[in-house]
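# An overview of the molecular structure
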Protein chains: 2
Amino acid sequence: MSGKESGQVITESNVAKVLLFADAYKYFQGNGSLMREALGGKGAGLAEMTATGVNVPPGLTLTTACCRAYHNNGGTLPQGLLDQVLLLLKDVEKQVGRQLGDKENPLLLSVRSGAKFSMPGMMDTVLNLGLNDETVLSLGKMTNNERFALDSYRRLIQMFGNVVLGISKDEFEHAFVELKKKVKVENDYEMSVDHLKELIAQFKNIVLKATNKPFAQDAHEQLKQAIEAVFKSWNNARAIYYRNLNKIDHNIGTAVNIQAMVFGNLNDRSATGVCFTRDPSTGENQIYGEYLTNAQGEDVVAGIRTPKKIAMLAKELPDCYKQLVSTIGKLEKHYADMQDIEFTIENAELFILQTRTGKRTAKAALQVAVDLVKEGTINKEEALLRIEPAQLNQLLLPSFSSEQKEKSKAAGKLLAVGLNASPGAALGKIVFDPDQAEMWANKGEKVILVRIETCPDDIHGIVSAQGVVTSRGGMTSHAAVVARGMGKPCVAGCDSLVVDINAKEMRVGSKIFKEGEIISIDGATGEVFAGPIETVSPQMSASFETLLGWADDKRRLKVRANADTPDDAKVARQFGAQGIGLCRTEHMFMSQDRLPVMQAMIMAESKDERESALAKLLPMQRHDFTEIFKVMDGLPVTIRLLDPPLHEFLPKQEELLIEISQSQNKATEQIRQKRLLLEKVQELKEANPMMGLRGCRLGLVYPEINEMQVRAIFEAAAAVKKQGIVVLPEIMIPLVGEVQELIVARKHLEAVALAVMEEQKEKIDYLFGTMIEIPRACLTADEIARYADFFSFGTNDLTQMTYGFSRDDAEGKFLNRYLEGIEVGTEKIKILSNNPFEILDRKGVGKLMKLAIEYGLQTNPALKIGICGEHGGEASSIGFVEQIGLTYVSCSPFRVPLARLAAAQARIRAESNIERLIDK
Amino acid sequence: MSGKESGQVITESNVAKVLLFADAYKYFQGNGSLMREALGGKGAGLAEMTATGVNVPPGLTLTTACCRAYHNNGGTLPQGLLDQVLLLLKDVEKQVGRQLGDKENPLLLSVRSGAKFSMPGMMDTVLNLGLNDETVLSLGKMTNNERFALDSYRRLIQMFGNVVLGISKDEFEHAFVELKKKVKVENDYEMSVDHLKELIAQFKNIVLKATNKPFAQDAHEQLKQAIEAVFKSWNNARAIYYRNLNKIDHNIGTAVNIQAMVFGNLNDRSATGVCFTRDPSTGENQIYGEYLTNAQGEDVVAGIRTPKKIAMLAKELPDCYKQLVSTIGKLEKHYADMQDIEFTIENAELFILQTRTGKRTAKAALQVAVDLVKEGTINKEEALLRIEPAQLNQLLLPSFSSEQKEKSKAAGKLLAVGLNASPGAALGKIVFDPDQAEMWANKGEKVILVRIETCPDDIHGIVSAQGVVTSRGGMTSHAAVVARGMGKPCVAGCDSLVVDINAKEMRVGSKIFKEGEIISIDGATGEVFAGPIETVSPQMSASFETLLGWADDKRRLKVRANADTPDDAKVARQFGAQGIGLCRTEHMFMSQDRLPVMQAMIMAESKDERESALAKLLPMQRHDFTEIFKVMDGLPVTIRLLDPPLHEFLPKQEELLIEISQSQNKATEQIRQKRLLLEKVQELKEANPMMGLRGCRLGLVYPEINEMQVRAIFEAAAAVKKQGIVVLPEIMIPLVGEVQELIVARKHLEAVALAVMEEQKEKIDYLFGTMIEIPRACLTADEIARYADFFSFGTNDLTQMTYGFSRDDAEGKFLNRYLEGIEVGTEKIKILSNNPFEILDRKGVGKLMKLAIEYGLQTNPALKIGICGEHGGEASSIGFVEQIGLTYVSCSPFRVPLARLAAAQARIRAESNIERLIDK
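Residues numbered from 1 in each chain as written. Chains lettered and ligands numbered in written order. Predicted model: local features only at pLDDT ≥ 70, side-chain atom pairs only at ≥ 80, totals over all residues. Heavy atoms only, no water.

### So, the packing of helix α3 (residues 64-72) of chain A against helix α9 (residues 219-233) of chain A
All names here are of chain A. The contact between α3 and α9 brings their axes to 10 Å, and the two run at 80 degrees. In terms of axis orientation, α3 runs roughly perpendicular to α9. Contacts from Cys 66, Cys 67, Tyr 70 and His 71 of α3 reach α9 at Glu 228, Phe 231 and Lys 232. Looking at side-chain class alone, the contact of α3 with α9 contains four nonpolar, one polar and two charged residues. (Axes fitted to C-alpha atoms, helices over the stretch in contact; angles between N-to-C directions. Helix = DSSP H or I, 4+ residues; strand = E, 2+ residues; numbered from the N terminus. Parallel < 35°, antiparallel > 145°, perpendicular 65-115°, else oblique. Contact = heavy atoms within 4.5 Å. Nonpolar A, V, L, I, M, F, W, Y, C, P; charged D, E, K, R; others polar.)

This is how it looks when you write it as structure tokens:
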């Protein structure tokens, strides 16, 4: 079996075989993917550990091809298979010094299924196989624990009865419960030897009744039946359902692993435990784990005894401890990553039962990756690939500790779950009014602003609050967008909250919460809790900087930030942004002091009136840009001219209607103003505002607005340049879909820029470019690129229009159904596998982007191309834009570290692809 | 000059030359485009007519290259140019028997500019050049009409002063008016010889004062100045503006045409007139025209004498008449089309001054084209190309005669102009209420329904009315869509009308119109008139059928109709539709008896309730389909499943709010219902409904609706098949953007279809396909085509999403500005040259369509591909879809003839392109 000639390359795993753990690795020449295919995940792990020289309880694996052969044979075992198993089992028996079915010295086995992919739908495990009425006695003597032996036997009958013989668990469970009632015992472990004997008798009776045959006393028969049961389980209904759901090939089959049982409860020189090679919560390089002496794994789970810290083992069983340290060190080195290991010590002999890559916190992940590089185990590129970019965000935001959160849930304090609109955790007193929020915050109170929806008038309330909750609105609602921009937690569209602004209370079901009561919100999950939950502050380690430094060395993509204020810009720079890729000017008009001027501009009845309002906005905008330019000294700043429809700066129609109707017949000036506002709001009302008068259309119809903005930009630029600051403004026109729009806008606005530069006697280096966010812009990018120095993909809008999805409507009305799946007959079919607003759609939106890049570079090879939609801060989307050759990504300041890492990973993957291509 | 060697091919027209009319055609070997380039349009026409042997007053042309040379020489005439002119002028003088400037027998000339493209911004004409203080006397003697001679002279000074010397017209006009006041004369023609002499003296004085030089008495000097003036006029501000606007190259220059004047007022054997070779209003093959004896062209315009019918000429000057008939026959043959000719008879000699293709009514165009084929002048393909497809629609709709309309306008009865939402003319009594409309119509009254906007509740009012006017809503508003579907005139979004439904009146400015007053509307122009205007009924001629028969022989594209009712289907079939390409099922739910059931379905709170409402709709839908299938026996019927968002079937939020608020505190059942409706309307409210829960998304979220529709289709199909009718249903899923949507819908609905076929024991041949109206559908068409038997491009939505334009918003808010042009500095730049909702955008939408076709055929070569957006009924868009290889177009029934013709034209053009390619 192990007589594989060296030099022969194994290229297929299609042969039905039985392999000892000890032979399999060599047989497959260490080819991991072949091993997984032939031996399944579990078998491959056992083979690899054994080959590494680790002491694994011996055993053997029936390859997946055996399973295929079984089914192709109409459900009969291939000729000679069982003989092979028994032949190899002799090796195992020899090694352990016990024989299967031997009355004096019985070998007990575990039998487990194990496919290429982990499949919870399949038969899992039969333990203690080999026990019968006789061997149970030997086991009792061997372990000096008759009760344990009997309990093991009753477990075997129960597991075997269920998974091999297909008898319902309930039957055994029912008998167990009835017996406990009868003997007046509450817990399983209180059952006496006699009770267990009676239970075994009952269990055997259940088997006899259900199968018309007595429980198999012949250990070899047990083994044969168990093997067949594993094969059959491949085609049980749950497994088929699971494979359909996960699109797993129905023909690959499962392997069977047969392994000698070892006993951590044999005596006081025996133990069982789990350990990590490093601290999974901090990443510190020291063993971390727990164990129990004279115990089995399930004793830990039962929670009767308190496990000891792994360090104790050094005192209790110093040789075993040394052996453990050395073994797990070897395993970590072999797998080149922190391991999570299960071990058993049987009579002072250490056995490793399982090893797998250890789960860890973001902090630990970072630390381990950096340490492994320093230790020479992995290189920098491997380290970079080890970190999930999204994990980095955990390190930059406050969060709730999962224990505290679970406690709170257990206490029934989870009130509602809305949309996870902006991540981070916060707690504070409920306020329903932005003025109140500001007042309390100024007094040093932490507050959470709770609104039905927010609007520009509320901005000071959002600034003052720790976090925001709204009962309406989607991922792109005002509250969500503003909160994300500020890196502030927000739960939006939480529609089970009934917010009553007037009564200053919110209701959830029958519960009422008044202003001032404390709630806690988790913006990463959308959860809202009653009462406080402690938040954990973010901690930035030296490893964080080290790793991102490596990422910066590696990546090709530049990373910029979307930043609308000097504060945003500061954060962005601090996190390593190489410029601002999107500065949205509309948010600058939304502060409490500016909104009235903006509204006056919108309400203007003549060009003169409009210009006079704009003249008031000019110094404000100039000030904004001056401050941003100062912060970004030496780095480019892309400024998008006014984009949203004007009605977004006005109060909502419903609000005005209510205010007016409530003040019937009072002809005050204030009401007259409200009436005028209402008229304007109605005039500006659109059927589909996302596709109406906004973006460059606004600037073409009302050129004075853009004129003012460009003047402010160039006046600010000239002013800071005079102070010795290096200023690199990039003017960006939104929503271009036809080249003439850009031609006219550029012609018009470059004249303004020129005029300002002449007035100020300063030459400013600037670029002029456009958002690419309309499908037609992609399709006519060759024309557009002639007049643009840069493109910046606005993938939020581009996704909306490519799919014909209004994000706000889709997320509430059908997108979840699309992601969950639609039932057709007995099937449930997913329409979308990802939310395209989170993960960039490659087939549609991505194809348009590729066309735009191809066309754009045809006519303008110097074109700079970036992305500033939310996808610019999502790791897999960054991977895609690396592939299609973008110049930079721009994302919210808090996502800059994530983007730096994702960009490096994308580059590494791209290079390894290139190498693979060269190999061929 | 005429000594061109034969055999030499003229390949360029860049040489500054002077050519006699008589030599030019030969010189350019009849190459029309070269002639237009070198001689301008006017010069080319004169040369061609002369060459055809027609008696044209002799003259010569200075080529456009002379103009270019003039400007390149810094504004001086090229060396020797004037000598050439004078040399060739001798030929002209010889032929006419008069000499320029000769005191006894003076030759008079006209000097005209004439560029390749007609340019209204340029200098036009100087007439009577050659008159001076002496020759005016000879002219008086020669014509025996001193008054005429003097009047000609004062006109020369005036025209020359203005167009050559650049003196403002006002100066001459002012002097004229003052003199008329002084001599107490009202009309120009009442001026006596003495008055004219005084006027001439004053005019000469104006010239002297303005130019510091007396009016040039030397005829040759006049000619030189006139030539230079023409050249200069090429670069005047108006001409430059015009060329910028029309994107005409500034370097092509203008030609100058110098031609001998002839006098229709020389004596009684002289005359002047215009005639058409055929009747321009009916197309009948007989000369049609008017003339005046002893008169000049301007006498006709002055309207003092009533012109005579051309037939009279046969009696008055029979030889001339014969000559005229023969000449114009020759011209018609030469140009192979009906001609509009200006002629002058001078002393019994016929001169042709101009010929051009005659403008004609749609009816005449058809008749002429068919007759010319029968006469052997042109072939069928040429005939098909002669008809503007859009003209055909005139023949199918009632219209106002243009005289009546002009009269009405002159009487100040044009009230307002809205959007031309659905063509056709109608008059009737104003009604503001659909019930009232129905009542009056049942009594035999003609009514026009006037509403702010219409909604599904109004449908019976629209059916009853002759036409519809709305004060709000765009080209895709409910009123517009429904009216177009019915082929009924509609003026939409007529916002200068203030409609007061409660007061039952509408106001336009200060005018008030009450219910019952008569208005007339022209849906083709958007005009609304006070009072009645007679409509002209459509007349269908035999030529109509003949021509469309030729079109059918020629075209490759199939033509189907968009038809939602059996009546639509009948009209469609009558007009030659080869099937229904789009049957919108939603309109079927909008009739008064069905809407409440539909609303009940929407309001259902459980699946059971919904299914019970659907069970009521099922027999209604089945009946609709049964009737349509019967009409379309043997032809395919594409049925689109429910598409619009559900709120379109409910009353508007505002209406409900008002109704509820007006009935405060009355807790009647009706109000309770309204409240429930309001809640549902608010629940269904979407930010951008066009991109929300509609189309296939609706059918996936509420599968019962589609289930009912498919059941109705197949039950109907089975029923009619049992009657021997050939039924070919095609199920169409709207708004697919992701293949999984289609997969799930198809899987689900084919199961229903199969079930019905089994129940009914009838096998129905059907196709299953999808609309392609989302950009992503185009981009992933390869995947979608695997599950679709056909694609039908919905170019309305596809245009909206490709541009990011919501049509309703865009047309009101910025599209017109885009089409008119945006001012930048002194320029006005158009953003769009066509409304993409009228004419298919080829660069963006068209590119997506091409991709979709390419991808779709890759995976499904048998795919049928059509178009059912409004572009399917627009001629140039039909031309485009012929090019990209569509299978069929589908348009509204009334546009089917247009589409048949346009499809044939497209095919002819495609073939001639192919031939041209083969030639090369």
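Now that the structure has been shown, the text picks up again.
### Re the sheet that holds strand β23 (residues 518-522) of chain B
Residue and element names in this part refer to chain B. Ordered by their spatial adjacency, eight strands build an open sheet running β14-β24-β23-β16-β17-β18-β19-β15, and the pairing between neighbours is mixed. Taken across any chain shown, the strands that pair with only one partner, and hence form the sheet edges, are β14 (414-417) and β15 (419-422). Direction aside, the axes of adjacent strands within the sheet are offset by 30 degrees on average. With three bridges connecting them, β14 and strand β24 (residues 527-530) associate as antiparallel partners. Bridge pairing in β24 links Val 417 to Glu 527. Sheet strands touched by helix α17 (residues 402-410): β14, β23 and β24. Its angle to β24, the strand with the most contacts, is close to 65 degrees. (Pairing = 2+ DSSP bridges.)

### Here we look at the pattern of salt bridges
Under the counting rule described, the total for this entry stands at 120 salt bridges over all chains. One salt bridge connects Arg622(A) with Glu715(A), and the closest N-O pair in it is separated by 2.4 Å. With Arg622(A) in helix α24 (residues 607-631) and Glu715(A) in helix α28 (residues 703-722), this residue pair connects regions lying 93 residues apart in the sequence. Judged by its relative accessible area of 10%, Glu715(A) falls in the buried class. Where Glu316(B) meets Lys308(B), a salt bridge forms, and the shortest distance between an N and an O atom there is 2.7 Å. (Salt bridge = Lys/Arg side-chain N within 4 Å of Asp/Glu carboxyl O. Buried < 20%, exposed > 50% of the residue type's maximum accessible area, 1.4 Å probe, protein only.)

### Observations regarding the confidence of the model for chain A
Residues and elements named next belong to chain A. When pLDDT is averaged across chain A, the result is 90; 96% of the residues are at 70 or more. Considering only residues more than four positions removed or in separate chains, one finds that residues 1-12, a stretch of pLDDT under 50, has 17 contacts. In the model output, the complex is listed with pTM 0.80 alongside ipTM 0.80. (pLDDT = per-residue confidence, 0-100.)

### As for the interface of chain B and chain A
Of the residues lining the interface, 54 residues belong to chain B; the matching set on chain A comes to 54 residues. Taking both partners together, chain B and chain A bury about 5100 Å²; carbon and sulfur atoms supply 59% of that area. Of all residues in chain B, Met691(B), Arg776(B) and Lys813(B) give up the largest surface area on contact with chain A, accounting jointly for 13% of the area buried on that side. Between chain B and chain A we count six salt bridges in total. The closest approach of N and O atoms between Glu827(B) and Lys747(A), which form a salt bridge, is 3.0 Å. For the interface between chain B and chain A, the tally reads 34 residue pairs in polar contact (both at pLDDT 80 or more). Among the elements that line the side of chain B that touches chain A, the one with the most residues is helix α35 (residues 842-859) of chain B, at six residues. (Buried area = accessible area lost by both parts, 1.4 Å probe. Polar contact = N/O pair within 3.5 Å; in protein donor to acceptor, adjacent residues only side chain to side chain.)

### Concerning helix α6 (residues 146-164) of chain B
All names here are of chain B. Taking 1.5 Å per residue as the helical rise, α6 with its 19 residues ought to reach 27 Å, and the 26 Å between its terminal C-alpha atoms agrees with that figure. Counted residue by residue, α6 has 14 buried out of 19 residues, so it is predominantly covered. Of the residues one or two after α6, Gly 166 is the one with positive phi, at around 75 degrees. (Expected span 1.5 Å × (residues − 1).)

### Things to note about the pairing of strand β11 (residues 339-346) of chain A
Residue and element names in this part refer to chain A. Among the eight residues of β11, seven are classified as buried, and the element is accordingly described as predominantly covered. Judged from the six bridges that link them, strand β8 (residues 271-276) and β11 form a sheet pairing that is antiparallel. If you follow Gly 273 over to β11, its bridge partner there is Phe 343. Sheet topology places β11 next to strand β12 (residues 349-357); eight bridges connect them, and they run antiparallel. Paired with Phe 343 across the bridge in β12 is Ile 352. A loop of two residues connects β11 with β12, the two strands running antiparallel in sequence, and Asn 347 in this loop sits at a positive phi of about 50 degrees.

### Some details on the relation of the copies chain B and chain A
The operation relating chain B to chain A is a screw motion whose rotation component is 180 degrees, with 0.3 Å of axial translation and a residual RMSD of 0.5 Å. Given the turn and translation reported, the copies of this chain are related as if by a two-fold rotation axis. Taking C-alpha positions as reference, the residue of chain B nearest the rotation axis is Asn688(B), located at 2.0 Å. When the interface residues of chain B are mapped onto chain A, 100% of them again lie at the interface, so the same face is used by both copies. (Least-squares fit on C-alpha atoms with pLDDT ≥ 70 in both.)

### Details of the sheet that holds strand β9 (residues 288-293) of chain A
Residues and elements named next belong to chain A. Strand order in the open sheet formed by five strands is β10-β9-β8-β11-β12, with antiparallel pairing between adjacent strands. The sheet is open, and its two borders are formed by β10 (308-309) and β12, each paired with just one other strand. Its contacts with the sheet put helix α13 (residues 318-335) on β8, β11 and β12, and the angle it makes with β12 is roughly 30 degrees.

### What to know about the environment of Leu397(A)
Residues and elements named next belong to chain A. Of note, Leu 397 is situated in the loop between α16 (389-396) and β13 (399-400). Given the relative accessible area of 10%, Leu 397 is considered buried. Residues in contact with Leu 397, not counting those within four places in the same chain, are Pro 423, Gly 424, Gly 487, Val 536, Pro 538 and Phe 894.

### With respect to the side chain of Thr355(B)
Residues and elements named next belong to chain B. With respect to the helices and strands, the residue Thr 355 is situated in strand β12 (residues 349-357). There is a polar contact of 2.7 Å between the side chain of Thr 355 and the side chain of Gln 339. Excluding residues within four positions of it along the chain, Thr 355 makes contact with Met 49, Leu 331, Tyr 335, Gln 339, Asp 340 and Ile 341.

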